[in-house]
Amino acid sequence: METAALVAPATALEFLQDAFLLTGEGPVLSVYSLQPRPKACASLSVLQHYRIHGIRPRNWAAVPSQISVTGAYGKKEHGLSSATEHNFYDLAVFGGKAVRLVRLHVDFQDGDHLQLEILGPLMELEDWALDVRWLSGDKHSLLCVAVAHNCALLLDVGTGTALVQRSCLEGCLLYSALLLVHESWADAVLVGGTVFNQLVLWKPGGGEEGGGSDSGCKAPVERRLLGHSGVIFNISYLQEKGWLASASDDRSVRVWGVGALGGPGGKCGDLNPPCLRVLYGHQARVFSVCLSPRKVFSAGEDGACLVWDWAGGGTVVRTLKGHRAGGVRALAVSEGTGDEERWVATGGADGGVRLWRLKKSEERKENMEETVTEKLTNLKFPGHSMPKVVCIAGEEDENATWRQSKFVVCTDQGIVYQYSNGQWEIVWEGTPDFQSYCVMETVSIRAKDSIGKVHLCAVGNLSGSIQVFPISHPQSGILLTGGSGKIHSLIWQEGAEGMCLLASGAEGLVYRWCIEVKLNENCSFALSVNHLPPFLLPPCTKRWLTATVCLHSGSQEALWVCGDRRGSLLLFQEGRELQVLLTGTEQSEDEVNGSEGDGKSGLMEQRENKEVQDLKLQPLSCLFGVHGKQGVTSVYEYQGLLYSTGRDGCVRVFRVQSTPPEKLGENRKHCTGKTVENKGKLQLEVLRVQRACKGMEWLERVLILEPEIPEEEEVREECQNHCKTEQSFRGEEVKTENKAREVRFVIAGFHAAHFVVWDPVRQERLLAVPCGGGHRSWFLWPSHKGVWPGYGALVFIKQGAVLASQPPGEEPSWAGRAGGTGGWGLREGVHGRGIGCVCRLGRIEGFRNDIQTTGNMTETERGEVKTEECHWEVVVTGGEDTSLTILAVHPSSGNIKVLSVITDHISSVRTVTAVTHPEGETGNQTQSVSALLISAGGRAQMQCYRLMIGWDRERLVPSCQVIQVASHRLDEQWERKRNRHKTVKMDPETRYMSIVVVDERIDSVLLAVACSDGAVRLFSVSEVKRQIDLLSETFYHQRCVLSVATCTLEDGKGNRYKLLFSAATDGKIAVWDLTEASSSTDTSTAPIPCLNIPAHQSGINSLAVWAEKLEQQEGGCLLTVDSGGDDGQLTVSTIRRFAQTVCSTCHISHRRTPVLLIASRHCRTSREVKGCGGGAGKAHQMPRPPRLLHYYGQVTNLSFSLSFTFLLELPHQSPRCRAGAIRKPHAALRQIHY
């Protein structure tokens, strides 16, 4: 059995100049090529069952000096020879108690051709290896190894033997070690971080007596550095400055001025080394530290890599984040000199590897989040009026900088100011009607017959008037009327006919205008307005619009998805039905597309009629109050899905779906009056709900995170080239199937007194600004396309002042322009903490065409196009970081794609199960998989999802859509009870330990759950009703139930039987017959176990059950139960079940199991068994159970059996029948020969 893919913490990183990055995940060594763009090239398992903790290249000069590293993979003007040159690196890979040599073959003519080769056998040591270094002056392959008990070895890699072993007088454990070697063993110096929080420096090869032999002479301690209050995890030395840095458990990094260490003669540095800096900035333990001439790099358990400026007094100038929970376990910094760029790589406990490219100019910026956000800049708003609303002056260009941004402010006196280049100027002064109250919104619109954009501003007042004007030419504005009441809100939105302005007036009316900008002959702007029928919101309090988005579903119709202040989501439709209502006749498609002049004038005349003005569009679908009573704050559409935020602390992912006719009446129960006919039977359907962090209830919007994996850009380009090529030689348009799929996003909102950009997957803040909380006007730069670029600046109003988180003359803080949270993700992280459960969903088959060009192809070339078939295994993992991760694993290459991350659990996820149904099967290929996923864990919480997994033809990888079905918690029922203060609350620490599907019904799924409070509970999950119901519970075990498993039996007559196996901490397995429970709806009576198997001496962690039919016994079968427990033993029990019988005394046909016979075999292991599984093929190797004489047959071979049990299950029988059945087994027992 071979490992197809491995997800393990990245514990070792090493750069080979700027050419390659070496990583160690578990025993696997991987190589990434950094030029021209980072990508994986080769991997190999080298340390068997040991975890790699270090990689040491033998000689940096293996790369020829005349070859430029950058030019080797790019263009040839950097001096690359045209001849093919093969070079290699010798690597010493170590971890645990093992060391191995590996050779990396590099073809500099083809940078993608890399190969890893194992040079020799695995060299196993007697102690843990902490550091390994090559002796550069020796012609033979000699390694100097530092081990955990403060010893050093001189290892001959050719023979795998230790030539010299030397110990230190300080005989203690080391948590870290650093070897400084030169040409010989006598020059070696070892710096060790002891368990006593000290740094000791000694010479393994020092002295004449111990330098050349393995005698018992121990080396003395040359230097001792004190100061840390915790153990030392990592040590780094910079020879150029004579600095020694140590990372400690006390959350600090200390830099010592030790002077010259190592080199010829084995120098030990200054006699009394001073501590130059104590760097505190991490919020948890510091695991790694690296030194450069001007910077100190440190990474720790808080998941951050901090860049410290040495010249600036040891302040943090850069914070690199991107890993999930668990922290950064490995850190590597490339050797940059002068003003060159520098690579920084981090490996996380989540298995992810991230890469940053730092420039010297960027390193000087003070970009630490906690420092920047406290430095607010007052923009010194002029005038005596109070600013009320602030907006950006239209959407900025994608390449616009923060210095070039402009924004406008409207005051309580109806005056609009513009801020540009550090100066304020008055743009527009309103009439007295615009004083004391105003709402304002801005937008950028392209003028007709012009390539430039015009920034429009709309201002509304209390009397229903709306002034719309270009900011650059306010005198060209127009005045619109939105009823006679207060204008509650203004929204600009691109519609089917152009840019639309929506104004919420009185009585729930939303007035709409389509506005167009034209350039006159005198170079002035003119606004043309086309009136559109208004929307009518459902009757409720706070009846005005807060967010909207337009969906262009066709050439003649458009859908509007809106959110109101009551927290409802509404769906409106306009199109051909709207033309019928306006004109009274249905026009042909040519008339609609061709009528430019007379048709529009006719429509304008009809809109002037009172009958047409009274026309109001009603919502087709309404999700009333879905975001609570505080309102919807934003609605955003991206790749076919809709995202809404509200002040209830939730992001809802939903879509427009066709609805059955019987549900149309329910959707319109909040609508009044005449509505447009819903021919498409459209409805808003919420797929899932994503909550922000605790305490973050006021959400404003979502920002999309673009993919960070560099390979996906190549895949996307390849797919686009493939589509173009198909168009060229087929001569027809190729339509790519783009199904709606959910993407990763961050949440912007208010958390207490801060404006926060929150990443729900990594559970970290990307931006925090102390603005004072909500209830204020603000805007976030940049805002184009709704994408989070990794940096931003906030402008807001507070106490009559206009403030900014960044001065307009400086660029805002950012985590790197590559990726949403900084850097490139070379390998995606899965779980930052332990993985508690895994469930396989199925296999997805896909195709990938190998096409390199996009030109015209001949018939011969067309036949040479090859289609590569690839398949991905889809699994779900649940971890202690309270998240579920859906993964796609490519077995051939070992690549892992994170399809989706679900963070709805409030505690650790301990168990997961699924009911899968492959869809779109063609032969042996599966195009999509639909799975009903049920997860459970701490706090007695259960979640149910529908996963739609298919093949993404655009990115050529699997895609997953998550639909939230239902959730359940035991304490929720207690919260709904009346007089609950008089009852005992359910134990809040109850955990669901294991879950299994017992039966699949037509309308529901029956589940069995093992609980920590000693109960076995049965649940019913209904996807149609979207609810999870507790059917029954039994406390038979009276202690924590650790695992459950199920088995289905079938006799010769087609009858099916459901058996449930439950195991607890007492080492016993209970067998339950759930046949009647799965077939009947009456679950008031809790089931009773029919069998009890004493299998272990302590807790049973895992169960595996499979059945085998017996050919000789008609209707009988053999069950094999495999169990593993804390006692370190694997127990295999066989159970024989016999055929159905008939009770002749009562003349009633019934089902019974007269005798169950058990045989057990124990296999002891050195460790406790956490999981087990089995296959049907192994059942033939298991020992057969004993049989009884006469009535049940002769008993043979009981020597292996530790115990066997007889149990009667006689339901639906009279007392006379039961007595007769009991006497027969008693008579049979007396005939057993032991």
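On a predicted model such as this, the values are computed, not experimentally measured, just so you know. (Residues numbered from 1 in each chain as written. Predicted model: local features only at pLDDT ≥ 70, side-chain atom pairs only at ≥ 80, totals over all residues. Heavy atoms only, no water.)

J.: Tell me about the nonpolar core, and name the residues and values.
T.: L841, V876, I886, L947 and I949 are the most contacted members of the largest nonpolar core, which has 26 residues in total. Mapped by element, the contributors of at least two residues to this core are β60 (835-849), β61 (867-879), β62 (884-889), β63 (896-902), β64 (909-922), β65 (925-937), β66 (941-952) and β67 (957-969). Setting aside its immediate chain neighbours within four residues, L947 contacts L841, V876, I886, V929, S930, A931, L933, C960, Q961 and V962. Grouped together as the second largest cluster of nonpolar side chains are 23 residues, A19, L22, Y50 and Y89 included. (Core = buried A, V, L, I, M, F, W, Y, C linked by side-chain atoms within 4.5 Å. Buried < 20%, exposed > 50% of the residue type's maximum accessible area, 1.4 Å probe, protein only. Helix = DSSP H or I, 4+ residues; strand = E, 2+ residues; numbered from the N terminus. Contact = heavy atoms within 4.5 Å.)

J.: So what about the sheet that holds strand β51 (residues 682-691)? Which residues, and what values?
T.: The four strands are arranged β48-β49-β50-β51 in an open sheet whose pairing can be described as antiparallel. Each edge of the sheet is formed by a strand with only one pairing partner; in this case those strands are β48 (632-638) and β51. Geometrically, the sheet is characterised by an average inter-axis angle of 25° between neighbouring strands, direction not taken into account. (Pairing = 2+ DSSP bridges. Axes fitted to C-alpha atoms, helices over the stretch in contact; angles between N-to-C directions.)

J.: Can you explain the side chain of R512? Please cite residues and give values.
T.: Relative to the assigned elements, R512 resides in strand β42 (residues 509-519). The exposure class assigned to R512 is buried, which follows from its relative accessible area of 1%. Polar contacts involving the side chain of R512 include one to the side chain of E574, which spans 2.8 Å. Setting aside its immediate chain neighbours within four residues, R512 contacts L501, L502, H531, L532, P533, F535, W560, E574 and L617. (Polar contact = N/O pair within 3.5 Å; in protein donor to acceptor, adjacent residues only side chain to side chain.)

J.: An account of the UniProt feature "repeat: WD" (unreviewed entry) in the protein is needed here, citing residue identities and associated values.
T.: Mapped onto the present numbering, the UniProt feature "repeat: WD" (unreviewed entry) falls at residues 225-256, 279-309, 344-366 and 1059-1082. For residues 225-256, the helix share is 0%, the strand share is 59%, and the end-to-end C-alpha distance is 9 Å. (UniProt positions renumbered as here; feature names shortened; annotations may be inferred.)

J.: For the pairing of strand β3 (residues 28-33), give the residues involved together with the corresponding values.
T.: The buried fraction of β3 is high, at six of six residues. Where burial is concerned, the two faces of β3 agree: the one with V28, S30 and Y32 and the one with L29, V31 and S33 are both buried. Pairing between strand β2 (residues 20-25) and β3: six bridges, direction antiparallel. Its bridge partner being in β3, L22 is matched across the sheet by V31.

J.: So what's going on with the side chain of S444? Residues and values would help.
T.: The residue S444 is located in strand β36 (residues 439-446) in this model. At 2.9 Å, the side chain of S444 and the side chain of H455 are in polar contact.

J.: Lay out the sheet that holds strand β26 (residues 305-309) in plain terms, naming residues and giving numbers.
T.: Spatial strand order, β24-β25-β26-β27: four strands in an open sheet with antiparallel pairing. Each of the sheet's edge strands pairs with one partner strand only, and the pair in question is β24 (286-291) and β27 (315-320). For this sheet the average axis-to-axis angle between neighbouring strands, irrespective of direction, equals 25°. Relative to strand β25 (residues 295-300), β24 runs antiparallel, the two sharing five bridges. Within β25, the residue paired with S288 across the bridge is A299.

J.: How would you sum up the packing of aromatic side chains? Please name residues and give values.
T.: Within the structure shown, the criterion is met by 25 aromatic pairs. Seen in terms of ring centroids, F381 and Y417 are 4.9 Å apart; in terms of plane orientation they differ by 70°. Their pairing is edge-to-face. In this pair, F381 is assigned in the loop between β31 (377-378) and β32 (387-392) and Y417 in strand β34 (residues 415-420), connecting sequence segments 36 residues apart. Considered together, F381 and Y417 belong to a single accessibility category, that of buried residues. A centroid spacing of 5.3 Å and a plane angle of 85° characterise the contact between W428 and F434, whose relative ring orientation is edge-to-face. Residue W428 shares its accessibility class with F434, and that shared class is buried. Lying over the aromatic face of W560, R512 brings its terminal NZ or CZ to 5.4 Å of the ring centre. Here R647 stacks its cationic end above the ring of W698, 3.9 Å away from the centre of that ring. (Phe/Tyr/Trp six-rings, centres within 6.5 Å; stacked < 30°, edge-to-face > 60°. Lys NZ or Arg CZ within 6 Å of the ring centre and 35° of its normal.)

J.: Let's hear about unusual backbone geometry: which residues, and what values?
T.: Each neighbour pair has its own omega, and for W781 with P782 the value is -5°, a cis peptide bond. One non-glycine residue, Q48, adopts positive backbone phi at about 55°. If you trace the backbone, Q48 turns up in the loop between β4 (39-45) and β5 (54-57). Look at Q48 and you get partly exposed, because its relative accessible area is 46%. The phi torsion at T882 lies on the positive side, around 65°, for a residue other than glycine.

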